[in-house]
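Geometric and topological summary
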Amino acid sequence: MSAANPAQRAAASPQAPYPILELIKLHKRFGDHVVLEAVDLRIEPGELVCVIGPSGSGKSTMLRLCNQLERACGGQVIFDGQDLTSSLVSIDRVRRQIGMVFQQFNLYPHLRALGNVTLALKRVAGLPRREAQAVALDALERVGMREHANAWPSTLSGGQQQRVAIARAIAMSPKIVLFDEPTSALDPTLVGSVLAVMRRLREEGMTMLVVTHEMQFARAVADRVVFMADGKVIEQGPPEQLFTSPRDPRTAAFISGESN
Amino acid sequence: MSIDRFFTTFFDPAMIARYWPMIIEGMALTALLAVAIIVCGGVLGLLLACLRSRRWPAINFFIVLFADFWRALPPLVPILLLYFGLPNAGLELSAFTVLWLTLSLVLAAFVEEACWAGIRAIRPGQWEAARSSGMGFVQTLCWVILPQALRIALPSLTNRAIAITKMTALGTVIGVPEILNQASSAQSFSGSATPLTLGALAYLAIFLPLVVLSRWAESRLAWKRG
Amino acid sequence: MEALRAQFFDLEIIVQAWPLLLQGLWITLTLSVVVVTLGLSLGLLVALASLSERRWLRWPTLALVDLFRALPPLVLLIFVYAGLPFAGLQLSPFLAVVLAFALNNAAYYGEVYRAGLLAVPPGQSESARASGMSALQTLLWVVLPQAVRKVTPDLLSNTVEVIKLTSLASVVSLADLLYRAEMARSLTYNSSPIVAAGVIYLLMLWPLVRLISLFERGDSQVPRH
């Protein structure tokens, strides 16, 4: 297993020859409604990829297929060399290596900030309590929430809750973190703090797949931007190219609509 | 009726002195029954609710059937069937066992419904957050869903526990020597109403604090909500 | 297995006991209607008294409600049936059952109504009074309909409990459904009549239990795993 070998991870540059996550010809329907149609996507280690597109374009569904919160109707999800759509794969073992951050934060309201972060460290990674707390405090430090470790989620602002949720995801040392519109539920004044944390993670070399409406963020921070519409990847490329000279008229229309 | 006669009828000191030990014995048995029923019925109901949240359609059908059946059937019916009917079919259960078994199943049905309502009230994002961190179904249930769901279900769970303990009085029909049975047999030995008063007081001693406590707890909850 | 079938599912015996069971069912239905009607109407009065501004009305009402919620209904029934005669008040089994269960259920229905009335926002009665309605009109046409709608599932489930409760009438030899079934059992040494009575209870109450569950079903939040 190529699991968590630090040397290997450090060696993985953005130009590594193999993708950490690859979606191949993914199809998804809800009833008769086609949500995703033949979606292909490759994420290299260390990359930050932003997915943009109008609502209903299937981008959140695609993200939820990456850790199998939704099941595909056809196609493959290859994570770290394993096909997650195979019934032979133990999905719980894979998911500990894939962090996820939700639009609605989904913090556990019955646990304090620290307890939110330590829960999976204790129950999934099997760390003893003290060690789990040390790892969790470190993760909270990285998102600037260490001094709120003992706070109940309901007492925190939306931005603070989302940063705790990010700490919860990165504490497990995942190989990739999926972000599902992480700032869409936030008060506009609180968006900046969350984006700053994501920017820092990018500098630390975290691999991230981000579904977002934050065009400025995508343009400034992403290595690659993917534009989706009607369940298909319309085009992708470096942010400057995609934002300044989009090839597809739908991309151009979306970008000019969003920037107004 | 004069006050005097009222007192000698319902609060005759001689009768109180003679029969209070019997009532205390009845209270001990009622308490024992209550604990046995609440433990068994509570655990069974909780397990059924957890199983139901796995959402296997075939199994859920039987869980709903079980819960509906025991919520719709007057408990005296199975009590009479098990106590008077089974011996004729070759299986003899003690009156205590029959009462314990029946009321445990009744409680399990209500606890299942209350816990399931609590589990259902938890937003799906909680399941998703836990599952996507690598926790399995059982771990998610134990560490994330149940701590929240049980808190929601707590008021109806305590009400059910009180209600089922009151139902232990049904044991008197098949001769389980709990409080009511002790009181009414003492009443028929003695030809005095005083043992019945003692029995009623014994129930009040157990339940009045609980009823008042739950009223207080509910009003506190209401303030928190508002 | 055959012994079980013969003891619990003997069709011939059920057919023989059927007329007896029907007589009992009639009593059970009458009793249910009387107790539910009394409980629903007394309960409303209890709820209004327990929410009254006047302390001398509110506190004794709450005390009585708690008293009758604390006593198991069977204890109350036996007290009324076997205890009151010592005080010179001899009630027929039917009246004893009605009195005991009406007191008990006035308390329970009262608590349900009370919760419903408390859940209606105060602005409702204020705006009704402001439009010139009297206190009684406000209660009847504005507040009560909203309160009842809010607690319909609880009123229904209490009604199920009342109908189940009527089976206790057999204890004081009121010839209700279960009493008749038990009588048939002791005559035939066969439990099939009680099974038949159980089936009749289920036929009456199962639809109500289903209805309550339907009321409580929102969108199911639990994801498929």
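Below or above, wherever it landed, is the structure these notes cover. Since the structure is predicted, the reported quantities are computational estimates derived from the model, not experimental observations.

Examining the interface of chain C and chain B
- Chain C puts 54 residues into the contact, and the matching count from chain B is 58 residues.
- Counting each side, the surface lost to burial between chain C and chain B is near 4900 Å², with a carbon and sulfur contribution of 68%.
- Joining chain C to chain B, the criterion identifies 3 salt bridges.
- Of the charged contacts, one joins D66(C) and R215(B) as a salt bridge, the two residues approaching to 2.8 Å between their closest N and O atoms.
- Inspection of the region where chain C meets chain B yields 9 residue pairs in polar contact (both at pLDDT 80 or more).
- Of all the secondary structure elements, the ones that give two or more residues to the side of chain C that touches chain B are α1 (2-8), α3 (55-70), α4 (73-83), α5 (93-119), α8 (152-165), α9 (177-188) and α10 (192-216) of chain C.
- Element by element, the count of residues in the side of chain C that touches chain B is highest for α10(C), at 11 residues.
- Considered class by class, the residues forming the side of chain C that touches chain B number 31 nonpolar, 11 polar and 12 charged.

Observations regarding the sheet that holds strand β2 (residues 33-43) of chain A
All names here are of chain A.
- Spatial strand order, β2-β1-β4-β5: 4 strands in an open sheet with antiparallel pairing. Taken across any chain shown, the strands that pair with only one partner, and hence form the sheet edges, are β2 and β5 (82-83).
- As paired strands, strand β1 (residues 21-30) and β2 are joined by 7 bridges and run antiparallel to one another. In the strand pairing of β2, F30 is matched with H33.
- Lying over the sheet, helix α2 (residues 59-66) contacts β1, β2 and β4 (74-79), oriented at roughly 120° with respect to β1.

Some remarks on the interface of chain B and chain A
- Counting residues at the interface gives 18 residues for chain B, matched by 21 residues for chain A.
- The contact between chain B and chain A buries some 1600 Å² in all, and 54% of this surface belongs to carbon and sulfur atoms.
- The largest per-residue losses of area from chain B upon contact with chain A belong to E128(B), S132(B) and W143(B), which jointly make up 31% of the total buried on that side.
- At the surface where chain B touches chain A, the tally comes to 2 salt bridges.
- The tally of links from chain B across to chain A stands at 8 residue pairs in polar contact (both at pLDDT 80 or more).
- Put simply, the parts of the chain that give the side of chain B that touches chain A at least two residues each are α6 (124-132) and α7 (137-167) of chain B.
- Classifying every residue of the side of chain B that touches chain A gives 6 nonpolar, 8 polar and 4 charged.

Describing the pairing of strand β3 (residues 48-52) of chain A
All names here are of chain A.
- Of all 5 residues in β3, 5 are buried; the element is thus mostly enclosed.
- Every second residue of β3 is oriented toward a common face, with L48, C50 and I52 on one face and V49 and V51 on the other, all of them buried.
- Where β3 and strand β8 (residues 208-211) come together, 4 bridges link them in parallel fashion. When the sheet's bridge partners are listed, C50 is paired in β8 with V210.
- In this sheet, strand β9 (residues 224-229) lies alongside β3 in parallel orientation, the contact comprising 4 bridges. Paired with V51 across the bridge in β9 is V226.

So, the sheet that holds β9(A)
All names here are of chain A.
- Taken together, the 6 strands give an open sheet; going across it, the order is β6-β7-β8-β3-β9-β10, and neighbouring strands pair in mixed fashion. Each end of this open sheet is capped by a strand with a single partner; those strands are β6 (98-101) and β10 (232-237). Pairs of neighbouring strands in the sheet enclose a mean axial angle of 20°, with direction left out of account.
- Bridge count for strand β7 (residues 176-180) against β8 is 4 bridges, and the pairing is parallel. Paired with D180 across the strands is V211, a residue of β8.
- The sheet contacts of helix α7 (residues 188-203) involve β3, β7 and β8, and relative to β8 the element is tilted by about 155°.

Focus: the packing of helix α2 (residues 11-50) of chain C against α8(C)
Residues and elements named next belong to chain C.
- Following both chains from N to C, one finds α2 and α8 inclined at 140°, their axes separated by 10 Å at the closest point. Of the possible angle classes, the one that applies to α2 and α8 is oblique. Considering how the two elements wind past one another, α2 and α8 form a crossing that is right-handed. Together, S32, V35, V36 and L40 of α2 and L155, T159, V162 and I163 of α8 make up the contact between the two elements.

Here is what the cut-offs are and how they apply
Residues numbered from 1 in each chain as written. Chains lettered and ligands numbered in written order. Predicted model: local features only at pLDDT ≥ 70, side-chain atom pairs only at ≥ 80, totals over all residues. Heavy atoms only, no water. Contact = heavy atoms within 4.5 Å. Buried area = accessible area lost by both parts, 1.4 Å probe. Salt bridge = Lys/Arg side-chain N within 4 Å of Asp/Glu carboxyl O. Polar contact = N/O pair within 3.5 Å; in protein donor to acceptor, adjacent residues only side chain to side chain. Helix = DSSP H or I, 4+ residues; strand = E, 2+ residues; numbered from the N terminus. Nonpolar A, V, L, I, M, F, W, Y, C, P; charged D, E, K, R; others polar. Pairing = 2+ DSSP bridges. Axes fitted to C-alpha atoms, helices over the stretch in contact; angles between N-to-C directions. Buried < 20%, exposed > 50% of the residue type's maximum accessible area, 1.4 Å probe, protein only. Parallel < 35°, antiparallel > 145°, perpendicular 65-115°, else oblique. Left-handed = near helix turned anticlockwise from the far one by under 90°.

Just distances and angles here, no functional claims.
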